[in-house]
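Residue-level structure breakdown
Residue-level listing of the chains:
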Amino acid sequence: MALPADFAYSDPFHPTPNPALETDEARVSFWERQAGRLTWAEPWHTAHRFDKPRRTGTDADGLPEYSVPDIAWFEGGRLNAAYNCVDRHVEAGRGQHVALYFEGEPGDREVYTYDRLLTEVSRAANALANLGVVKGDRVVIYLPVIPETVIMTLACARIGAVHSLVFGGFSAEALRFRVEDTGAKVLVTTDGQNRRGSVVPVKQNADAACAGDNAIEHVVVVRRTSRPGRTTPAGVPLAPGDKGYRSKDEQAVPWTPGRDVWWHDLLADASPVHEPEFFDAETPLFIIYTSGTTGRPKGLVHTTGGYLTQTAYTHALLFDLLPETLDEENQLRPDELAAVNDPAKVDSTVHWCTADLAWVTAHTYEIYGPLLNGVSEVIYEGTPNTPHFGRHFEIIERYGVTNYYTAPTLIRSLMGAFPNGLPATYNLASIKLLGSVGESINPEAWNWLRRNVGRDEAPFVDTWWQSETGATVCSPRPHDPQFAPAGTFPEDAPHARSKPGCATRAVPGISTRVVDEKGDDVPPGTQGFIVVDKIGPSMARTVWGDPQRYLDSYWKHYGERGWFLAGDGARIDEEGDVSILGRIDDVINISGHRLSTIEIESALVTHAGVVEAGVCPVEDPLTGHAAIAFVTVPAGLDVAEESLREELRAHVTQQIGPIAKPKDVVVVRDIPKTRSGKITRRLLGELYQGRSLGDRSSLQNEEALDDIAEVLAGRR
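Residues numbered from 1 in each chain as written. Predicted model: local features only at pLDDT ≥ 70, side-chain atom pairs only at ≥ 80, totals over all residues. Heavy atoms only, no water.

Moving on, we get to the overall build of the protein chain. Scanning the protein chain from N- to C-terminus turns up 19 helices and 34 strands. The C-alpha radius of gyration of the protein chain comes to 25 Å, within 12% of the 27 Å expected for a compact globule of 716 residues. Along the first, second and third principal axes, the C-alpha set of the protein chain runs to 75 × 65 × 65 Å. Within the protein chain, the fraction of its 716 residues that count as buried is 59%. Summing over all exposed atoms, the protein chain offers an accessible surface of approximately 27200 Å²; the carbon and sulfur share of this is 50%. Taking the 69 positively charged and 98 negatively charged side chains of the protein chain as two groups, their mean positions are separated by 3 Å. (Helix = DSSP H or I, 4+ residues; strand = E, 2+ residues; numbered from the N terminus. Rg over C-alpha atoms; globule rule 2.2 N^0.38 Å. Buried < 20%, exposed > 50% of the residue type's maximum accessible area, 1.4 Å probe, protein only. Areas by Shrake-Rupley, 256 points an atom, 1.4 Å probe, with all protein chains shown as cover. Lys, Arg positive; Asp, Glu negative; His and termini not counted. Charge placed at Lys NZ, Arg CZ, Asp CG, Glu CD.)

As a further point, take the side chain of threonine 361. Inspection of the secondary structure assignment puts threonine 361 in helix H11 (residues 360-372). Classification of threonine 361 by relative accessible area gives buried; the value is 1%.

Right, let's talk about the environment of glutamate 394 for a bit. Take glutamate 394: it is sitting in helix H12 (residues 391-399). Judged by its relative accessible area of 27%, glutamate 394 is partly exposed. Between the C-alpha atom of glutamate 394 and that of asparagine 427, which follows or precedes it by 33 residues, the distance is 8.3 Å. Not counting residues up to four positions away in its chain, the partners in contact with glutamate 394 are His388 and Tyr426. (Contact = heavy atoms within 4.5 Å.)

Here the focus is the sheet that holds strand E34 (residues 664-667). The 3 strands lie next to each other as E32-E33-E34, forming an open sheet whose pairing is mixed. Looking at the sheet topology across the chains shown, the edges are occupied by strand E32 (612-620) and E34. Averaged over all pairs of adjacent strands, the angle between their axes in this sheet comes to 25 degrees, without regard to strand direction. On the sheet, helix H17 (residues 641-655) packs against strand E33 (624-632) and E34 and is oriented at approximately 130 degrees with respect to E34. Its contacts with the sheet place helix H18 (residues 681-688) against E32, E33 and E34, and it is angled at close to 55 degrees to E32. (Pairing = 2+ DSSP bridges. Axes fitted to C-alpha atoms, helices over the stretch in contact; angles between N-to-C directions.)

Turning our eyes to something else, we now look at the state of the cysteines. Counting across every chain of the model gives 0 disulfides. You can see cysteine 210 has no disulfide; the closest cysteine sulfur is in cysteine 156, sitting 15 Å from it. Left without a disulfide partner, cysteine 502 is nearest to the cysteine sulfur of cysteine 474, which lies 9.1 Å away. (Disulfide = S-S within 2.5 Å.)

Here the focus is the nonpolar core. One finds Leu117, Leu154, Leu187, Leu308, Tyr368 and Trp555 to be the most contacted residues of the largest nonpolar core, which totals 134 residues. Apart from the residues lying within four places of it in its own chain, the contact partners of tyrosine 368 are Ala81, Cys85, Thr153, Leu154, Ala157, His163, Leu285, Tyr307, Leu308, Thr311 and His363. Ranked by size, the runner-up nonpolar core spans 37 residues in total, among them Leu410, Phe418, Leu422 and Trp446. (Core = buried A, V, L, I, M, F, W, Y, C linked by side-chain atoms within 4.5 Å.)

What follows concerns the packing of helix H1 (residues 24-35) against helix H9 (residues 304-318). Between H1 and H9, the least distance of the axes is 9 Å, while the angle of their chain directions is 85 degrees. When the interaxial angle is binned, H1 and H9 end up roughly perpendicular. Listed contacts from H9 to Phe30, Trp31, Gln34 and Ala35 of H1 are Thr309, Gln310 and Tyr313. Partitioning the contact of H1 with H9 into residue classes produces 4 nonpolar, 3 polar and no charged. (Parallel < 35°, antiparallel > 145°, perpendicular 65-115°, else oblique. Nonpolar A, V, L, I, M, F, W, Y, C, P; charged D, E, K, R; others polar.)

Between its first and last C-alpha atoms helix H4 (residues 147-159) spans 19 Å; for 13 residues at 1.5 Å apiece the expected length is 18 Å, and the two agree. Among the 13 residues that make up H4, 12 are buried, leaving the element largely enclosed by the rest of the structure. Just past H4, the residue glycine 160 takes up positive phi, approximately 85 degrees. (Expected span 1.5 Å × (residues − 1).)

Here the focus is the sheet that holds strand E28 (residues 564-572). The strand order E25-E26-E28-E29 describes an open sheet built from 4 strands, whose pairing is antiparallel. Because the sheet does not close on itself, it has two edges, and the strands there are strand E25 (511-515) and strand E29 (578-583). Here the average twist between neighbouring strands, direction ignored, is 45 degrees. Across 5 bridges, E28 lies against E29 in antiparallel orientation. Of the residues in E29, the one forming a bridge with alanine 570 is isoleucine 580.

So, on to the packing of aromatic side chains. Applying the stated criterion across every chain yields a total of 30 aromatic pairs. Arranged with centres 5.1 Å apart and planes meeting at 20 degrees, the rings of tryptophan 446 and phenylalanine 460 form a pair that is stacked. Taken together, the positions of tryptophan 446 in helix H14 (residues 443-452) and phenylalanine 460 in strand E24 (residues 460-462) put the pair 14 residues apart, joining distant regions of the chain. Its relative accessible area of 0% is what places phenylalanine 460 among the buried residues. Put simply, the rings of Phe50, Tyr550, Tyr554, Trp555 and Phe564 touch in pairs and so form one group of aromatic residues. It is arginine 116 that lies over the ring of tyrosine 112; its NZ or CZ is 3.8 Å from the centre. In this structure, arginine 561 packs its charged tip against the face of tryptophan 563, placed 4.9 Å from the ring centre. (Phe/Tyr/Trp six-rings, centres within 6.5 Å; stacked < 30°, edge-to-face > 60°. Lys NZ or Arg CZ within 6 Å of the ring centre and 35° of its normal.)

The next subject is the pairing of strand E8 (residues 138-141). As judged from the 4 bridges shared by E8 and strand E9 (residues 162-165), these two strands associate in the parallel manner. The residue bridging valine 139 from the neighbouring strand is histidine 163, located in E9. Pairing of E8 with strand E10 (residues 186-190), which is carried by 3 bridges, proceeds in the parallel orientation. Across the sheet, residue valine 139 finds its bridge partner in E10, namely valine 186.

Written as structure tokens, this is what we have:
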């Protein structure tokens, strides 16, 4: 369907003001109004407190030392995350509204209304309580994208336990670290999971992870791939001890008696009614581990009230749930500062965030955000190319998906699978809004998705944020003038030009700036460091068990100014809009010229012979560093690698300049990425230079490294 004829766009000459740019009082007052989106058992007594780092002395090297920052929002207020996600919608008479459409990779499907979800979350909360889990205990959830993952997450929140979700594809060692670091009392896993058309055993990894020094008392096993035990002719399950009570599949699952328990057994005697307890707003909600490829992963702690507030608001703002209002000239405009949603928009939305549930994107915009706002959403267990690359489009058509929020990596893989565009067999008319997340999206991928899936009319929210910020920091809005049909605004209207791959500006209530190392603002067009100088309530509060690392990683560089250093490079344009250039360490210094790897990658993928590119620096005796490009090519492309290499080097020269020309171009089958879709450029550089790779546990496609090593070995 086309966008409604009366779809309202923001006035480019009178944009929505950002309270964070007015006064600090206005910023805090704005977030207090947004906190009204939630149901509170008791009001807060202190809206916001931020004890910035303070100079405390100098270290042995004469460098300044600082205190650890202390952040709090809505102190004294009491609420329950699960109640806000489920109960209150049922109490409001919306129990029959669909909460989750689940599709498994093999094709099995389930529908959970808010009524059903409340029942299952209540049973799960009672089951956890029966295992002795209480407020403050940690529960590690090592599950694929299945309904039980959402249910267990909300059950933890309901009883005040701290959940930590771990990507189901992680190794036993990666899981072991998280089990031990959190001091988890319970680990939740599956017997196996469906991955790329095969059943992958998982319980063995869980057992290996629990073999060390840890606090695990129980391992709860969700039956996902095992055939269930037999039933009586009337369909009644057999009793424990009866022959056939456990199937041969179940009996083959490795088992530790006294510790391990089947999820379905645990639920059998659990009551479907549970009275939620209400917790202080600063009660820890979850720990999420960063997926960097160097050093020990950091367990970021997010608390309840502030996180839910920014999550609910930004989900409503970016995915078009806010109402419209008439401006002074009687023109319909989006009310981007509203603290309520448009009920008709809520009822008609079918949201799909394609991320794995263990990623922060899924916490915010696949679990908490959609459920806080009471919309329907899709969760899909499998990979986008199982059994074929059209699977996502089948899902969009089947459930009438309106919001499609995905990663640039996935978009580029679809570009490679459909080089001539999507076939007309897919009906994607339900799509009203597109979004990307994970790392900066190159303009080619942005344009491809909007043209092929969004009919060149759907708004595209290219969101920038991090595990640390908890929710979106910068993004276009669905009603921005750049998405309006040609002729809607005068040609000279500000912010009306399309900007593919540009994160534009901070969301209301937050402020960012692009600065140099000293903290001075950089001029337009100059690369600098993006910092959050006015934070929102969803900011992580600390690193679990290591507050000093929280200071050192994010706050120490700009000291007493209290700016959060995101670790990304960025630049602003003449209109003040921000483009993210990737990680600070993803910069190549060639003969004194600082070049962003993403800029070179974006130039490469504009060539018809490239689907995806990863660029890394390597040492060079002449220029200091040189750029090495790894590229994937469209299926069926018949071209000599040497010829393509020279074509691409010339192409980058034309697009950026001779200084950016890669020293070498390597054609590979796949580019290694973290589970959040970020290209692991450091590993590419180490591979090319024949060095040890170190930790590989954060990768979603570890096999790509072996393939690349084989390609490089064949060239030597």
